[in-house]
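So the chains spell out like this:
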Amino acid sequence: PEAQPESGSAGEAAHWPGAFNLPGTDTQMKISGFVELDAIHDTDAIGTPTAFVTSEIFTRDKPATEGADGQTNFSVQASRLVVETKTPIADKAIKTFVSADWFGDYSTSSPNFRLRKAYGEISDILFGGDLLIGQAWSSVTDLTATPNVLDFQGPNGLFGDRRPMLRWTKNLDSAFSLKLAADAPDLRSLQGASPVSRWPDTVAALNWQSQKANLTGVAVARDLRASAGTGTVDTVGWGASLQGRLPMPGAYERDFATFSLTYGEGIGGLVNDAPPDAVYNPRTSKLKPVPTLAWFAGYQRWWNAELYSVVSYGQIDQDTLSFQEPTSFEQTRYATANLTWTPFPQWLLGVELMYGSHKDKDGAEGSDVRTQFTSRFAFP
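Residues numbered from 1 in each chain as written. Predicted model: local features only at pLDDT ≥ 70, side-chain atom pairs only at ≥ 80, totals over all residues. Heavy atoms only, no water.

### Quick word on the overall build of the chain
Part 1 of the reasoning: Tallying secondary structure elements over the chain gives zero helices and 22 strands in all.
Part 2 of the reasoning: Since a compact globule built from 380 residues should have a radius of gyration of about 21 Å, the 21 Å found for the chain is in line with a globular shape.
Part 3 of the reasoning: Within the chain, the fraction of its 380 residues that count as buried is 50%.
Part 4 of the reasoning: Taking as baseline every contact in the chain between residues at least 6 positions apart, the subset at least 24 positions apart corresponds to 62%.
Part 5 of the reasoning: In the form shown here, the chain has an accessible surface area of approximately 16,600 Å², with 60% of it arising from carbon and sulfur atoms.
Part 6 of the reasoning: Distance between charge centroids for the chain: 4 Å, based on 31 positive and 43 negative side chains. (Helix = DSSP H or I, 4+ residues; strand = E, 2+ residues; numbered from the N terminus. Rg over C-alpha atoms; globule rule 2.2 N^0.38 Å. Buried < 20%, exposed > 50% of the residue type's maximum accessible area, 1.4 Å probe, protein only. Contact = heavy atoms within 4.5 Å. Areas by Shrake-Rupley, 256 points an atom, 1.4 Å probe, with all protein chains shown as cover. Lys, Arg positive; Asp, Glu negative; His and termini not counted. Charge placed at Lys NZ, Arg CZ, Asp CG, Glu CD.)

Below, the structure written as structure tokens:
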């Protein structure tokens, strides 16, 4: 899936499998990635042929060009290239991370080069914490809570996306860590008005991690500002999220469950399906945030050392406002089941069945069933 955990922090030990030293320097470099082919068949119309974005399922006027009569696509867009470095400096370490894929245009199956992440991180630089500057996964996102679906997009209720930021992370003890961040004032989804950037999103995230379990609590505050009418209007967005990964007991100890529960007002643009954060009311000349509930849950079952299955379900509900248009977003649902085989560590083969639905405020609804076959060759 698109949401995959990053490498470790800048302050890790010098031993780094797969890395090599740059001649004449103390810098280690690692080049990695994978080549992926996805063969996809849809039964109904959707605007994103190779990523299962449920908000892009057509609810009315379904065109044949978007798959209303069924369509098949082959894609290598998810293929990825990653370059990392680590450099020791005195008692600190600097890490750089750059990754790219070919998913620059979700509306087509043709490859379009795209920068995914580009950041630098220095260890133990400020009050004993690590400082990250650049573009990475949003500070509201816990990637370990994301189910291992084959679909590139992942659950509709996934909280966060990659964005530029300034983030400070500190390990409080062996189990708890704290993140404080200023995330870029983008990912704004406003209805009836044009976003105007003013202040970044302010994020605080507390993570607890044991050997097998992981829990993260997140709080975010947003300044939503827009150009509307003859001037600007603004409102405050806020949200809270609990995300995690939990191991199973006894004979199922290799299995695990993942989940995320997010609620807030003015946070729609931060979840995968990107419904409206806020709506401009021309009668009152005010910007009104939309309440949003987003959640998902997944379970991964290992059948043996090489074969596993993942089932997941996600849902987003918005309390639409009385003055919103009848075609406004109200709900999406996302469900998957897959069977994945890893005959070698560097080769993955899988098949996944997906169901999604999209409902508007006036009750108009569309659905799609997608089948995806995936082959992924990783390197090194």
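Back to the write-up after that little detour.
### Some thoughts on the pairing of strand β19 (residues 307-318)
Note on strand geometry: in a regular strand, side chains alternate between the two faces of the sheet.
Part 1 of the reasoning: The sheet contact formed by strand β18 (residues 291-302) and β19 spans eleven bridges and is antiparallel. Among the inter-strand pairings, Arg301 is bridged to a residue of β19, identified as Ser309.
Part 2 of the reasoning: Joining the antiparallel neighbours β18 and β19 is a turn of four residues. (Pairing = 2+ DSSP bridges.)

### Structural notes on the side chain of Asp255
Part 1 of the reasoning: Within the secondary structure, Asp255 sits in the loop between β14 (231-247) and β15 (256-265).
Part 2 of the reasoning: Residue classification places Asp255 among the buried positions, given a relative accessible area of 1%.
Part 3 of the reasoning: Within the local environment of Asp255, its side chain forms a polar contact with the side chain of Tyr299, the two groups lying 2.8 Å apart.
Part 4 of the reasoning: Discounting residues that sit within four places of it in the chain, Asp255 has contacts with Pro247, Met248, Tyr299, Gln300, Arg301 and Trp302. (Polar contact = N/O pair within 3.5 Å; in protein donor to acceptor, adjacent residues only side chain to side chain.)

### Describing the nonpolar core
Part 1 of the reasoning: Counting residues in each nonpolar core, the largest one holds 13 residues, and the members touching the most others are Val140, Phe159, Val203, Val218 and Val220.
Part 2 of the reasoning: Those elements that provide at least two residues to this core are β12 (201-209) and β13 (214-228).
Part 3 of the reasoning: When near neighbours in sequence (up to four residues on either side) are disregarded, Val140 contacts Phe159, Gly160, Val203, Val218, Val220 and Gln243.
Part 4 of the reasoning: Among the nonpolar cores identified, the runner-up in size contains nine residues, and Leu224, Ala226, Ala228 and Tyr280 belong to it. (Core = buried A, V, L, I, M, F, W, Y, C linked by side-chain atoms within 4.5 Å.)

### Some remarks on the pairing of β18
Part 1 of the reasoning: Here β15 runs beside β18; their pairing, made up of ten bridges, is antiparallel. Opposite Thr262, over in β18, you have Ala294 as the bridge partner.

### Regarding the packing of aromatic side chains
Part 1 of the reasoning: One pass over the structure, following the stated rule, counts eleven aromatic pairs.
Part 2 of the reasoning: Taken together, the aromatic side chains of Phe103, Tyr106 and Phe152 make up a single cluster linked through ring pairs.
Part 3 of the reasoning: When the ring centre of Phe256 is taken as reference, the NZ or CZ atom of Arg245 above it lies at 3.6 Å.
Part 4 of the reasoning: Seen from the ring of Trp302, Arg254 lies directly overhead, with NZ or CZ sitting 3.7 Å from the centre. (Phe/Tyr/Trp six-rings, centres within 6.5 Å; stacked < 30°, edge-to-face > 60°. Lys NZ or Arg CZ within 6 Å of the ring centre and 35° of its normal.)

### Description of the pattern of salt bridges
Part 1 of the reasoning: Under the defined criterion, the tally for this structure stands at 21 salt bridges.
Part 2 of the reasoning: A salt bridge links Lys62 to Asp44; the nearest nitrogen and oxygen atoms lie 3.6 Å apart. In this pair, Lys62 sits in the loop between β2 (28-42) and β3 (71-75) while Asp44 sits in the loop between β2 and β3, placing the two residues 18 residues apart along the sequence.
Part 3 of the reasoning: Overall, Lys62 belongs to the partly exposed group, its relative accessible area being 34%.
Part 4 of the reasoning: The exposure class of Asp44 is buried, given its relative accessible area of 16%.
Part 5 of the reasoning: A salt bridge links Arg225 to Asp234; the shortest N-O distance between them is 3.6 Å.
Part 6 of the reasoning: Classification of Arg225 as buried rests on a relative accessible area of 19%.
Part 7 of the reasoning: For Asp234, a relative accessible area of 40% corresponds to the partly exposed category. (Salt bridge = Lys/Arg side-chain N within 4 Å of Asp/Glu carboxyl O.)

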